[in-house]
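Listed here are the chains, written in short residue letters.
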Amino acid sequence: MQTELLRVFREVACRQSITAAAQALRYTQSAVSRQIAALEAEFGARLLDRMPRGIVVTEQGRVLLGHAEAILTRIDDAHRDVRAIGDAEIGRLRVAAFATAVVTLVPRALARIRTAFPGVELTLVEGLSPRLIEQLVADEADVAVISCAADQPIDDSRLELHHLLDEPMLVAVPRGHPLAGGTGTVGLAALADQSWIAGGIRPQESLLAVGMRHGFAPRIDFVAHEWLGKLGLVAAGFGITLLPALAARAAPGDLALLRVDLDEMPPRKIYAATPAGRTRSAPTEAFLSALRAEVAEVAEVAEVAEVAEVAEVAEVADQP
């Protein structure tokens, strides 16, 4: 049964006139009569009585009219909701991201979505990139912000990767550390004898792995799995640790951050990943755009800071 038959029947029943219904629907009177006849044949019952002064709905027609109203209302609601999701007025956005991306990048992008599309339901899950990929593939997330080492690219046909940025590594040292007052970058050779704080008992599986593959052999004296613990140990003078640039905002004021030579510690790749071959929802597309906008803003701020730092060094050099 076509729902258009129900719409025609409802119009005739409400207007109590085939002629008036035909005019409202922009059909011919005969076309409306044929559709009512087809609906009556479908149900095997007379739905309307043609009276000299108009149309009267039969008892069976009255019962059908109630169902027709419910069916057509649900269909109209479905059309409205599908359009609303397409316009990102309603819907959901499930984001998964690795820990340091949740420090600044992802929350700021999500804030853009909440402002622009207040009707979209937002959720965020944090985890390690391999786990986030599996969540994405299992349809437990709509987009995952993941990372990989420059020399170990992600090769997974299940994913569509959207490159966001190349993130350099920083070294967090106490403010009183001999290297804390330096400018420019620091080479790994200058850090070889330092006491290191790693994120796991196997440094080759931590952020230090990239440097180790380039021949660096750090001395691991402490292990702390959480960033707050690592930075707390650094602040207390127990050693130094690597800190991704995205997490620099979380570093307390009693630490100094040094840039690492990019040739010795290549930046890691940061991507937003979506399932390959899947149609992306409007909120997902909007979130990808928000991530790119935040990356551009971060890059602009970093460039301004770099210029300011160079100017400050030049000013000091000009002093007698």
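Throughout what follows, the structure given in this document is the object of discussion. (Residues numbered from 1 in each chain as written. Predicted model: local features only at pLDDT ≥ 70, side-chain atom pairs only at ≥ 80, totals over all residues. Heavy atoms only, no water.)

### Here we look at the side chain of Arg-268
With respect to the helices and strands, Arg-268 occurs in strand β13 (residues 268-275). A relative accessible area of 11% places Arg-268 in the buried class. A distance of 3.5 Å separates polar atoms of two side chains, one belonging to Arg-268 and the other to Ser-147. Of the polar contacts made by the side chain of Arg-268, one reaches the side chain of Glu-167; its length is 2.6 Å. Once you skip the residues sitting within four places of it in the chain, Arg-268 turns out to touch Phe-98, Thr-100, Ser-147, Cys-148, Ala-149, Ala-150, Leu-165, Asp-166, Glu-167, Met-169, Leu-207 and Pro-244. (Helix = DSSP H or I, 4+ residues; strand = E, 2+ residues; numbered from the N terminus. Buried < 20%, exposed > 50% of the residue type's maximum accessible area, 1.4 Å probe, protein only. Polar contact = N/O pair within 3.5 Å; in protein donor to acceptor, adjacent residues only side chain to side chain. Contact = heavy atoms within 4.5 Å.)

### Here's the deal with the sheet that holds strand β8 (residues 185-186)
One open sheet holds the four strands; their spatial order is β8-β12-β7-β11, and the pairing between them is mixed. Edge positions in the sheet fall to β8 and β11 (241-244), since each has one partner strand and no second. Pairing of strand β7 (residues 169-174) with strand β12 (residues 255-260) involves five bridges; the strand directions are antiparallel. Paired with Pro-174 across the two strands is Leu-255, which belongs to β12. Strand contacts of helix α8 (residues 227-235): β7, β11 and β12, with the helix running at about 130 degrees to β11, the strand carrying the most contacts. (Pairing = 2+ DSSP bridges. Axes fitted to C-alpha atoms, helices over the stretch in contact; angles between N-to-C directions.)

### Observations regarding the pattern of salt bridges
Under the criterion given, the structure shown has 21 salt bridges. Across the pair Glu-297 and Arg-108 runs a salt bridge whose closest N-O atoms are separated by 2.9 Å. Note that Glu-297 is positioned in helix α9 (residues 282-318) and Arg-108 in helix α5 (residues 105-116), a separation of 189 residues in sequence. Owing to a relative accessible area of 34%, Arg-108 belongs among the partly exposed residues under this scheme. A salt bridge links Arg-112 to Glu-297; the nearest nitrogen and oxygen atoms lie 3.3 Å apart. Residue Arg-112 is found in helix α5, and its partner Glu-297 is found in helix α9; the two are separated by 185 residues along the sequence. (Salt bridge = Lys/Arg side-chain N within 4 Å of Asp/Glu carboxyl O.)

### Some details on the sheet that holds β13
The sheet built from five strands is open, its strands ordered β4-β3-β5-β13-β6 with mixed pairing. Strand pairing shows two members of the sheet lacking a second neighbour, β4 (120-126) and β6 (159-167), which therefore form its edges. Direction aside, neighbouring strands of the sheet carry axes that sit 20 degrees apart on average. In this sheet, strand β5 (residues 143-148) lies alongside strand β3 (residues 91-97) in parallel orientation, the contact comprising three bridges. By the bridge assignment, Ala-97 is partnered in β5 with Val-145.

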